[in-house]
Amino acid sequence: MLFWQILIDGFAISALYALGATGFTLIFGVSGVLNLSHGAIMVGAAVAAWAAASEFGVGPYTGALIGILAGFILAFATYFIAVRPIQRSKAIAESEKEIFILTATLLWGIIIQEAIAYLFTNNAKTVLPIVEGVTTVFGVRTPRNEYFTAVICWVAIGLLWFLVNRTRRGKAVMAASMNPRGVTLLGIELSSIYLTVWAIYGLLAGVAGILLGMFLGVSSYSVGPLTASAFSIVVLGGLGSVSGSLIAAYVVGYLETGTAYLISPAYRTIPALLLLVVVMYLRPQGLFGRR
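Keep in mind that this is a model prediction, so the values were computed, not measured.

Attention shifts here to the environment of Ser191. Locating Ser191 in the fold gives a position in helix H8 (residues 190–215). Here the alpha-carbon distance between Ser191 and Ala150, two residues 41 residues apart in the chain, equals 33 Å.

And the structure:
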């Protein structure tokens, strides 16, 4: 029964990690930005959904939509406040812009975290689940919301795959990740591509944050661990590799779940971090990275 418990819970949390890491990877692959405010955006979306549904009584469906909108707004705010001004600055050398953007997104994430703590306290908050009830599978009683979480995550990932591979705009995004200069030569503005990517990222981060709030609950203290998990996953899978991030998300998710059940929840992140150190030493580009 413990095996099935780990298998079911691990699948749900891994799907959440996969959804969040996909957006994180997409941002880096197209614009070269490692967004260290990622966890803050997810928590901001979850807290917005919680406040709308629990405090203002709008219901779980409307609350979820408000949370997604909050993630979308926070993602664009990150781009326009912390990223684009540095990318366009002539006072900063090109070789130094990456570290400036890293620092800016980190500080922006801290600002969001502190704002959440000030407005809504540091207490954990659980978003009202859209799907209620419990289902017994292989003798394990599991909330139906866990299955709902996994399904929605993979539907969102599938829609992203369709967008990137089957639409004209998506193919332009893919081309920009491979050869930005070539895209500009074709008459496509990189700025419009960046806006598209950040919009997609905001939606993915918003959905992932809300589902996480329904599944495990969130607080302002969740910001750091969520950013660290996403960063570990994309580095483990290979920077810029979406398929690598999906596989790494399941490796990390099951390692954390197994550690939580078999040893202690306090140590759940340690095996994944040790694996990351080993992979960084033996294969610095990650499992599927090319650079």
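Past the structure itself, the notes keep going.
Every regular strand shows the same layout, with side chains that alternate between the two sheet faces. For strand S1 (residues 134–137) and strand S2 (residues 140–143), the ladder comprises four bridges, and the chain directions are antiparallel. Paired with Val134 across the bridge in S2 is Pro143. Following S1, the chain reverses through two residues before pairing antiparallel with S2; Phe138 in that reversal takes a positive phi of roughly 55°.

Along the polypeptide, Pro225 turns up in helix H9 (residues 223–237). Judged by its relative accessible area of 49%, Pro225 is partly exposed. Placed 212 residues apart in sequence, Pro225 and Ile13 show a C-alpha to C-alpha distance of 14 Å.

For helix H5 (residues 144–166), which comprises 23 residues, the first-to-last C-alpha distance of 32 Å matches the rise-based estimate of 33 Å (1.5 Å per residue) to within 8%. The inward-facing, buried residues of H5 abut helix H1 (2–31), S2, helix H6 (168–178), H8 and helix H10 (242–262).

In the structure shown here, the tally under the stated rule is two salt bridges. Glu94 is the salt-bridge partner of Lys97, the closest N and O atoms lying 2.9 Å from each other. Placement of both Lys97 and Glu94 in helix H4 (residues 94–120) is noted, with a separation of three residues, approximately one turn of the helix. Its relative accessible area of 7% is what places Lys97 among the buried residues. On the accessibility criterion, Glu94 (62% relative accessible area) is exposed. The closest approach of N and O atoms between Arg268 and Glu256, which form a salt bridge, is 3.7 Å. Residue Arg268 is located in the loop between H10 and helix H11 (270–282), and its partner Glu256 is located in helix H10; the two are separated by 12 residues in the primary sequence.

Let us look at helix H3 (residues 60–87). The terminal C-alpha atoms of H3 lie 39 Å apart, and with 28 residues this matches the ideal 40 Å at 1.5 Å per residue to within 8%. Along H3, the largest kink reaches about 35° and is centred on Phe80.

Here the focus is the side chain of Glu146. Here Glu146 is to be found in helix H5. Of the buried charged residues, Glu146 lacks a salt bridge, with Arg268 as the closest side chain of opposite charge at 11 Å. Beyond its immediate chain neighbours, meaning those up to four positions away, Glu146 contacts Ile8, Asp9, Ala12 and Phe215.

What follows covers the nonpolar core. In this structure, Leu19, Val30 and Trp198 are the most contacted members of the largest nonpolar core, which totals 81 residues. Ranked by the residues each element gives to this core, the list is headed by H8, at 16 residues. Contact partners of Val30, with chain neighbours within four places excluded, come to Val173, Ala176, Ser177, Ile193, Tyr194 and Val197.

Another aspect to go through is the packing of aromatic side chains. Under the defined criterion, the tally for this structure stands at 10 aromatic pairs. Judged by centre distance (5.2 Å) and plane angle (70°), the ring pair of Phe3 and Trp4 falls under edge-to-face. Of the residues examined, Phe3 reaches a relative accessible area of 55% and is grouped as exposed. Residue Trp4 is classed as partly exposed on the basis of its relative accessible area of 28%. Between Trp50 and Phe120, the aromatic rings sit 6.2 Å apart at their centres with planes inclined by 85°, giving edge-to-face as the arrangement. In this pair, Trp50 sits in helix H2 (residues 38–55) while Phe120 sits in helix H4, placing the two residues 70 residues apart along the sequence. According to the relative accessible area criterion, Trp50 is buried, its value standing at 15%. A residue is classified by how much of its surface remains accessible, and Phe120, at 29% relative accessible area, is partly exposed. An aromatic cluster of at least three residues, connected via ring pairs, comprises Phe72, Phe76, Tyr79, Phe80, Trp198 and Tyr201. One residue, Lys125, lies across the ring of Trp50, its end atom 5.5 Å from the ring centre.

Turning our eyes to something else, we now look at the UniProt feature "transmembrane region" (unreviewed entry) in the protein. UniProt records the feature "transmembrane region" (unreviewed entry) at residues 6–28, 40–58, 64–87, 99–120, 147–164, 185–218, 230–253 and 265–282, using the numbering of this structure. The annotated region residues 6–28 carries 100% helix and 0% strand content, and the separation between its end C-alpha atoms amounts to 31 Å. Strand forms 0% of residues 40–58 and helix 84%; the C-alpha atoms that close the span are 23 Å apart.

At their nearest, the axes of H1 and H6 sit 6 Å apart, and the two run at 60° to each other. Contacts from Leu26, Gly29 and Val30 of H1 reach H6 at Val173, Ala176 and Ser177. Of the residues contributing to the contact of H1 with H6, the split by class is four nonpolar, two polar and no charged.

Definitions and cut-offs
- Residues numbered from 1 in each chain as written.
- Predicted model: local features only at pLDDT ≥ 70, side-chain atom pairs only at ≥ 80, totals over all residues.
- Heavy atoms only, no water.
- Helix = DSSP H or I, 4+ residues; strand = E, 2+ residues; numbered from the N terminus.
- Pairing = 2+ DSSP bridges.
- Buried < 20%, exposed > 50% of the residue type's maximum accessible area, 1.4 Å probe, protein only.
- Expected span 1.5 Å × (residues − 1).
- Contact = heavy atoms within 4.5 Å.
- Salt bridge = Lys/Arg side-chain N within 4 Å of Asp/Glu carboxyl O.
- Bend = angle between axes of the 7 residues up to and from the residue.
- Lys, Arg positive; Asp, Glu negative; His and termini not counted.
- Core = buried A, V, L, I, M, F, W, Y, C linked by side-chain atoms within 4.5 Å.
- Phe/Tyr/Trp six-rings, centres within 6.5 Å; stacked < 30°, edge-to-face > 60°.
- Lys NZ or Arg CZ within 6 Å of the ring centre and 35° of its normal.
- UniProt positions renumbered as here; feature names shortened; annotations may be inferred.
- Axes fitted to C-alpha atoms, helices over the stretch in contact; angles between N-to-C directions.
- Nonpolar A, V, L, I, M, F, W, Y, C, P; charged D, E, K, R; others polar.

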